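Below, each chain spelled out in residue letters.
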Amino acid sequence: MLKVEGLNVRYGKSHVVFDFTVEVGDGELLAVLGRNGAGKTTTIRGIVGLLAGASGKVSVGGRDMSAWPAHRRTREGLAYVPSGARCFQNLTVDENLEIAAHANGADHSWTKKRIWELFPKLEPLKNNLAGGLSGGERQMLAVGRALMGNPRVMLLDEPTEGLAPVLVQSIGTLLGTLKSTGVSILLAEQNHQMALRVADRAAFIEKGRVVEVLPAARARDSEVLHRILGV
Amino acid sequence: MTPGQLLLFAMGGLANAAYLFIVAAGLSLVFGALRVINMAHGSLYMVAAFVTVVIANQVGAGLGFWAGLLVAVAVTGAIGGVVEVLVLRRVYGREHLVQLLGTYAVSLVVAGAVRIVFGANYRTVASPIPGHLNLGGYSYASYSLFMIAAAIVIAAGVWAMLYRTNLGRNIRAAVADPDLLNATGVNVTRLYTTVFVIGAGLAGLGGSIVAPSQAIGSSIDTDVLVLAFAISVIGGLGSIIGSAVGSLIVGMVISFGLVIPATNPFALAFVFIIMTAVLTVRPRGLFGLPEN
Ligand SMILES: Nc1ncnc2c1ncn2[C@@H]1O[C@H](COP(=O)(O)OP(=O)(O)OP(=O)(O)O)[C@@H](O)[C@H]1O
Ligand SMILES: [Mg+2]
């Protein structure tokens, strides 16, 4: 379970995320929805521990990680899929996965073999440099890399950005499967339809503040969805 | 020039290239991963040369050199670790000028310390591998061949470290995206220290290996830094293959430049003419990656 209490993030003097507080249970998926610039990426990077200007409490499965640097958080249960299908471009597909392999004592242990089963398109590319992959392939690789850490909590930043509908579908299916293994997922998305299909709850953020948290079923065509995302 | 002479000077060029490569590889490795040009790199080389000479002369010929080499590499590696933690960590991500000033300050401190500890006199040490070989009518110091062999072994070692170990994979990942590496469970802060210690150790290895082949004085720090810098610019900062090719070019230019009477006074100038030409035609160097 992921618990975030009173996360505040500042970039220098500008205060960008205000008192972000959520709980994501085991096997639960929380969608974080908001417009461009609302603070989704900043919130996720703050939880991962990558921002010097972040304060607040982050715990995973009852373990307080607040004082830990990002590398320790991501080694011990948090996994981060950054936006833009970010990979180590000068490393091979294989190396991109191996570099993230952390056991974490989890019962479902992810291996490269399981990643190939999940994304069969990646296996024949395993000796290619990640920089030469297509956007969709790199997105799969970014998700695969996160899984290799056997996370208990996954934080995904717009994983479907720029993907073909079939791939969006398969990411959705994957997230559903991950939920059933007990992973807690926080998913920031612009694609609210996809997000709300797999989410249990949705948190709407506006100008760095959570303005409403709703069960996904109710969020789907709520007033707040229309107002905040302008749909 | 007779074929025998050609061979003689080519071997001289190779011997130059050998120690220059060891030094330049360290400079380049550090720049590639940390994006910092270490102005104190030559200082570490000088410390190692002095430590090696002193220990080798204390302990005695042969074994003394190898003991000196081990101590020198350990000492320079340790200095590197301290410098990384105390100085470099404060300048990462700052503008290049601040970084240059920071490491330049370190080089001044080290140069001062070397003069206090070892004095201003030139020192020499007997070669641990004495003797000469005869090739094509000319005799070669066996030690030069050892230097060439050592550089090849070190090049292979650095390559294997980078492409065959987890440490090397992490270093390459840090070159591309340190932020993502941190978020992938790798302690980048510690990795940077490790890289800098390896780079410092390579400077030390270069200084130790060069010691029996030339007189060691308190200005060899800048002499070697300038050449290592030219090599890195020619080959491409951050590229180990670039360091090797750059070292060969510079080593040969110096060797042939010095022996041809007409070019003798300008041998070093040629190095910088080539450097300037490369900078003009291909600013990132022959094998360098474009800066991101
Ligand atoms: N490095 C930074 N320095 C200063 N301000 C920043 C920085 N990164 C983001 N911001 C600002 O913080 C606010 C939140 O940005 P953030 O990237 O978190 O939004 P987002 O919800 O992820 O947007 P998008 O949907 O476009 O990805 C924006 O106003 C942005 O301009
Ligand atoms: Mg964003």
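Everything quoted here is computed from the prediction, not taken from an experiment. (Residues numbered from 1 in each chain as written. Chains lettered and ligands numbered in written order. Predicted model: local features only at pLDDT ≥ 70, side-chain atom pairs only at ≥ 80, totals over all residues. Heavy atoms only, no water.)

Caption draft 1: Up close: the packing of helix 3 (residues 63–91) of chain B against helix 8 (residues 188–210) of chain B. Residue and element names in this part refer to chain B. Running from N to C, helix 3 and helix 8 point in directions that differ by 145°, and their axes come no closer than 7 Å. Relative to helix 8, the crossing made by helix 3 is right-handed. Grouping the amino acids of the contact of helix 3 with helix 8 by side-chain chemistry returns 13 nonpolar, 10 polar and two charged. (Axes fitted to C-alpha atoms, helices over the stretch in contact; angles between N-to-C directions. Helix = DSSP H or I, 4+ residues; strand = E, 2+ residues; numbered from the N terminus. Left-handed = near helix turned anticlockwise from the far one by under 90°. Nonpolar A, V, L, I, M, F, W, Y, C, P; charged D, E, K, R; others polar.)

Caption draft 2: View of the packing of helix 9 (residues 220–235) of chain B against helix 10 (residues 240–259) of chain B. All names here are of chain B. Between helix 9 and helix 10, the least distance of the axes is 8 Å, while the angle of their chain directions is 125°. In this view, helix 9 runs oblique relative to helix 10, as classed from their interaxial angle. Considering the relative orientation of helix 9 and helix 10, their crossing is right-handed. Contacts between helix 9 and helix 10 involve Leu227, Ile231, Ile234 and Gly235 from the former and Gly242, Ser243, Gly246, Ser247, Ile249, Val250 and Ile254 from the latter. For the contact of helix 9 with helix 10, the class distribution of residues is six nonpolar, five polar and no charged. (Parallel < 35°, antiparallel > 145°, perpendicular 65-115°, else oblique. Contact = heavy atoms within 4.5 Å.)

Caption draft 3: Quick look at the site of ligand 1. Residue and element names in this part refer to chain A. Around ligand 1, a shell composed of Tyr11, Val16, Arg35, Asn36, Gly37, Ala38, Gly39, Lys40, Thr41, Thr42, Glu158 and Gln190 is seen. Here an oxygen atom of ligand 1 and a backbone polar atom of glycine 37 are 2.8 Å apart. For ligand 1, an oxygen atom lies 2.9 Å from a polar atom in the backbone of glycine 39. Within the complex, the protein chains bury 56% of what would otherwise be the 640 Å² of accessible surface of ligand 1. Per-class residue counts for the shell around ligand 1 are three nonpolar, six polar and three charged. (Near = heavy atom within 4 Å. Polar contact = N/O pair within 3.5 Å; in protein donor to acceptor, adjacent residues only side chain to side chain. Areas by Shrake-Rupley, 256 points an atom, 1.4 Å probe, with all protein chains shown as cover.)

Caption draft 4: Fine view of the domain arrangement of chain A. Residues and elements named next belong to chain A. Here chain A is partitioned into domain 1 (2–77 + 151–229) and domain 2 (85–149). Between the C-alpha centres of domain 1 and domain 2 the distance comes to 22 Å. Between domain 1 and domain 2 lies a buried interface of about 1,200 Å² when both sides are counted; carbon and sulfur atoms form 69% of it. It is Arg75, Pro151 and Leu174 in domain 1 that bury the most area against domain 2; as a group they hold 38% of the surface buried on that side. Across the contact surface, domain 1 and domain 2 share zero salt bridges. (Domains from an automatic or database assignment. Buried area = accessible area lost by both parts, 1.4 Å probe. Salt bridge = Lys/Arg side-chain N within 4 Å of Asp/Glu carboxyl O.)

Caption draft 5: Broad picture of the confidence of the model for chain B. Residues and elements named next belong to chain B. Of the residues in chain B, 99% reach a pLDDT of 70 or more, and the chain-wide mean stands at 94. Helix 8 holds the highest mean pLDDT among the elements of chain B, 98, whereas strand 1 (residues 132–135) holds the lowest, 90. What the predictor reports for the complex is a pTM of 0.94 with an ipTM of 0.94. (pLDDT = per-residue confidence, 0-100.)

Caption draft 6: Structural detail: the environment of A:Asn36. Residue placement: A:Asn36 occurs in the loop between strand 3 (29–33) and helix 1 (40–48). When the C-alpha positions of A:Asn36 and A:Ala216 are compared, they lie 21 Å apart, and in sequence the two are 180 residues distant.

Caption draft 7: Molecular detail of the interface of chain A and chain B. On the chain B side, the residues contacting the 20 residues of chain A number 16 residues. Taken together, the two surfaces of chain A and chain B that pack against each other cover about 1,600 Å², and 56% of this comes from carbon and sulfur. Summed over the three residues of chain A that lose the most area to chain B, namely A:His71, A:Phe88 and A:Ile99, the buried surface amounts to 37% of that side. There are four salt bridges connecting chain A and chain B. As a salt-bridge pair, A:Arg86 and B:Asp179 come within 2.8 Å of each other at their nearest N and O atoms.

Caption draft 8: Representation of helix 8 of chain B. Over its 23 residues, helix 8 of chain B runs 33 Å from end to end, which matches the ideal 33 Å to within 8%, given 1.5 Å per residue. Burial within helix 8 of chain B is extensive, with 18 of its 23 residues counted as buried. (Expected span 1.5 Å × (residues − 1). Buried < 20%, exposed > 50% of the residue type's maximum accessible area, 1.4 Å probe, protein only.)

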